[in-house]
Amino acid sequence: MEFRLNGKLVTLESDSDRQLLSVLRVDLGLTGTKYGCGIGACGTCTVLVDSQARRSCLMKLGDVSGKEVLTIEGLATPAGLHPLQQAFVDEGALQCGFCTPGMILRSLALLRQQPKPTEADVIEAMDHNLCRCGAHPRIVKAILNAATKMGAAQ
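Presented here is an overview of the structure given in this document. (Residues numbered from 1 in each chain as written. Predicted model: local features only at pLDDT ≥ 70, side-chain atom pairs only at ≥ 80, totals over all residues. Heavy atoms only, no water.)

A few words on the pairing of strand β4 (residues 52-55). Where strand β3 (residues 46-49) lies against β4, 4 bridges are found, and the strand directions are antiparallel. Each residue of the ladder has a partner; that of L48, found in β4, is A53. With antiparallel pairing between neighbouring strands as the criterion, β3 and β4 make up a hairpin whose turn holds 2 residues, including D50 at a positive phi of roughly 50 degrees. (Pairing = 2+ DSSP bridges. Helix = DSSP H or I, 4+ residues; strand = E, 2+ residues; numbered from the N terminus.)

What follows is the structure, given as structure tokens:
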């Protein structure tokens with residue numbers, strides 16, 4: 001089984017029916033992707049697959065064969081945090097931090113599709129990513145601020 005993970009080619013000899021979330025966390029040691037509900041309802045395990053936000057708890061390893069997978073570990077660079085990560089820090093949008101990787105990756109998918117979202121666009125896109133701490137207003141603000149900074153950098 002081969003796929004690109006955070007920009008690097010990965011080859012695994014594993015059952016293609018295994019849950020992608022488990023492969024990322026257990027086999028590859030990428031624990032930034034969190035296990036939340038296990039049924040795709042909370043968004044905690046969100047990763048990008050070919051730039052689309054996907055729930056890794058609902059995906060099988062075979063679903064990503066030949067595809068590009070991005071986890072939170074692949075977002076920052078040696079030069080620093082991605083603008084979305086920095087915006088979450090700046091706005092205090094990561095109270096406990098458990099939902100944050102999924103939130104950031106879901107918002108990245110949104111901003112790649114819609115670089116200048118409205119507040120209503122952000123709220124709608126993030127509706128199925130849950131934060132038990134209630135940081136949603138700060139999360140929305142962080143995404144809007146990141147959109148502005150990312151647009152200015154282009």
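Turning our attention to the pattern of salt bridges. On inspection of all chains with the given rule, the structure shows 4 salt bridges. With a shortest N-O distance of 3.6 Å, E68 and R4 are connected by a salt bridge. One end of the pair, E68, is in strand β5 (residues 68-70); the other, R4, is in strand β1 (residues 2-5), and 64 residues separate them in sequence. Residue class for E68 comes out partly exposed when judged on its relative accessible area of 29%. By relative accessible area, which is 36% here, R4 ends up partly exposed. Salt-bridge contacts for K149 lead to D90; the nearest nitrogen and oxygen are separated by 3.6 Å. Note that K149 is positioned in helix α5 (residues 136-153) and D90 in helix α2 (residues 83-90), a separation of 59 residues in sequence. On the accessibility criterion, K149 (47% relative accessible area) is partly exposed. (Salt bridge = Lys/Arg side-chain N within 4 Å of Asp/Glu carboxyl O. Buried < 20%, exposed > 50% of the residue type's maximum accessible area, 1.4 Å probe, protein only.)

A few words on the pairing of β1. Only one face of β1 is buried, namely the one carrying F3 and L5, since none of E2 and R4 on the opposite face is buried. Sheet topology note: the β1/strand β2 (residues 8-11) ladder contains 4 bridges and is antiparallel. From the neighbouring strand, F3 faces β2, where its bridge partner is V10. Between β1 and β2, which pair antiparallel one after the other, the connecting turn spans 2 residues, and N6 there sits at a positive phi close to 55 degrees.

Turning our eyes to something else, we now look at a nonpolar patch on the surface. Together, L81, V89 and L94 give the surface a local cluster of nonpolar side chains, amounting to about 240 Å² of exposed area. Note that L81 resides in the loop between β5 and α2. Residue classification places L81 among the partly exposed positions, given a relative accessible area of 46%. (Patch = residues over 30% accessible without salt bridge, like charges linked within 9 Å, V, L, I, M, F, W, Y side chains within 5 Å. Areas by Shrake-Rupley, 256 points an atom, 1.4 Å probe, with all protein chains shown as cover.)

Note: α-helices contain 3.6 residues per turn, so residues at a spacing of three or four share the same orientation. Listing the buried residues of helix α1 (residues 20-27) in full gives L20, L21, V23 and L24. Considering only its buried residues, α1 is in contact with β1 and β3. Among the residues trailing α1, G29 stands out with phi positive, at a value near 70 degrees. (Contact = heavy atoms within 4.5 Å.)

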